[in-house]
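# Coordinate inspection notes
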Amino acid sequence: KRIFVFFGGTDPKNLTLLALDVLSKKIFSKIKVDVVIGSNNPSKNKIKNLVLRRKNTRLYIQIKNMATIMNKADLAIGAGGINIWERICLKLYAIVITSAENQIQTIKGLHQAGYLTYLGDHEKIKKTILEKCLKQNLSVKQFNDKNNLQLDGQGVQRIVKLLISKT
């Protein structure tokens, strides 16, 4: 099992640290973890130290090949930003914590439709909530099958083709 952790480039709510703290518990020690952060992440040094202390964990900073890393994962933990669509396109089921007001409605809808697990807004999330959710998701091997949303990543090409045909 492998988990992909990404809360956006800067992660102003320090959710990467929260996820790493939980994943550092002994119960999750055999799980491989790939953590992606931006070069401007204010907690970069703390994250590096946690990654160094946790076996089976790799840190990627400001990468261009995120899809390659996501494709290796069985589960993601992340925010409710634009990366949700990339995860769904790659059929990577995710545990989502929203970090901005404008994410909540979309994430609630995707949660209700079964495409991800919405834990709640960052202000309400505690380590125990994430730990419990991880235990539940890792004990059931169905999360990859939940992402059957018809999202193939080719929408831009279809729109361009449509616009060109109309000119």
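Model, not experiment: these values are computed from the prediction.

Turning our attention to the overall build of the chain. The secondary structure content of the chain amounts to eight helices and six strands. Each helix and strand of the chain, ordered N terminal to C terminal, gives the series β-α-β-α-β-α-β-α-β-α-β-α-α-α. The buried share of the chain, taken over its 167 residues, is 44%. Across the chain, contacts joining residues at least 24 apart in sequence account for 59% of those joining residues at least 6 apart. When the accessible area of the chain is evaluated, it comes to approximately 9700 Å², of which 52% is carbon and sulfur surface.

Summary statistics for the chain give a mean pLDDT of 88 and a share of 87% for residues scoring 70 or more. The spread of mean pLDDT over the elements of the chain runs between helix α7 (residues 143-146), the lowest at 47, and strand β2 (residues 32-37), the highest at 98.

Judged by how many residues are buried, strand β1 (residues 2-6) sits mostly within the fold: five of five residues are covered. The two faces of β1 match: Arg2, Phe4 and Phe6 on one face and Ile3 and Val5 on the other face are all buried. Alignment of β1 against β2, held across five bridges, turns out to be parallel. Paired with Ile3 across the two strands is Val33, which belongs to β2. Taken together, β1, helix α1 (residues 15-23) and β2 form a β-α-β motif whose crossover is right-handed. Two elements, β1 and strand β4 (residues 75-78), share four bridges in a ladder whose sense is parallel. The residue of β4 that forms the bridge with Phe6 is Gly78.

Bringing unusual backbone geometry into the picture now. Not every positive phi belongs to a glycine, and Asp11 is a case in point at roughly 45 degrees. Position of Asp11 relative to the elements: it lies in the loop between β1 and α1. Look at Asp11 and you get buried, because its relative accessible area is 2%. If you check the backbone angles, Lys91 has positive phi at about 60 degrees while not being a glycine. Its place among the elements puts Lys91 in the loop between α4 (83-89) and β5 (94-98). For Lys91, a relative accessible area of 39% translates into the label partly exposed.

About the cut-offs
- Residues numbered from 1 in each chain as written.
- Predicted model: local features only at pLDDT ≥ 70, side-chain atom pairs only at ≥ 80, totals over all residues.
- Heavy atoms only, no water.
- Helix = DSSP H or I, 4+ residues; strand = E, 2+ residues; numbered from the N terminus.
- Buried < 20%, exposed > 50% of the residue type's maximum accessible area, 1.4 Å probe, protein only.
- Contact = heavy atoms within 4.5 Å.
- Areas by Shrake-Rupley, 256 points an atom, 1.4 Å probe, with all protein chains shown as cover.
- pLDDT = per-residue confidence, 0-100.
- Pairing = 2+ DSSP bridges.
- Right-handed = clockwise from strand over helix to strand, strands pointing away.

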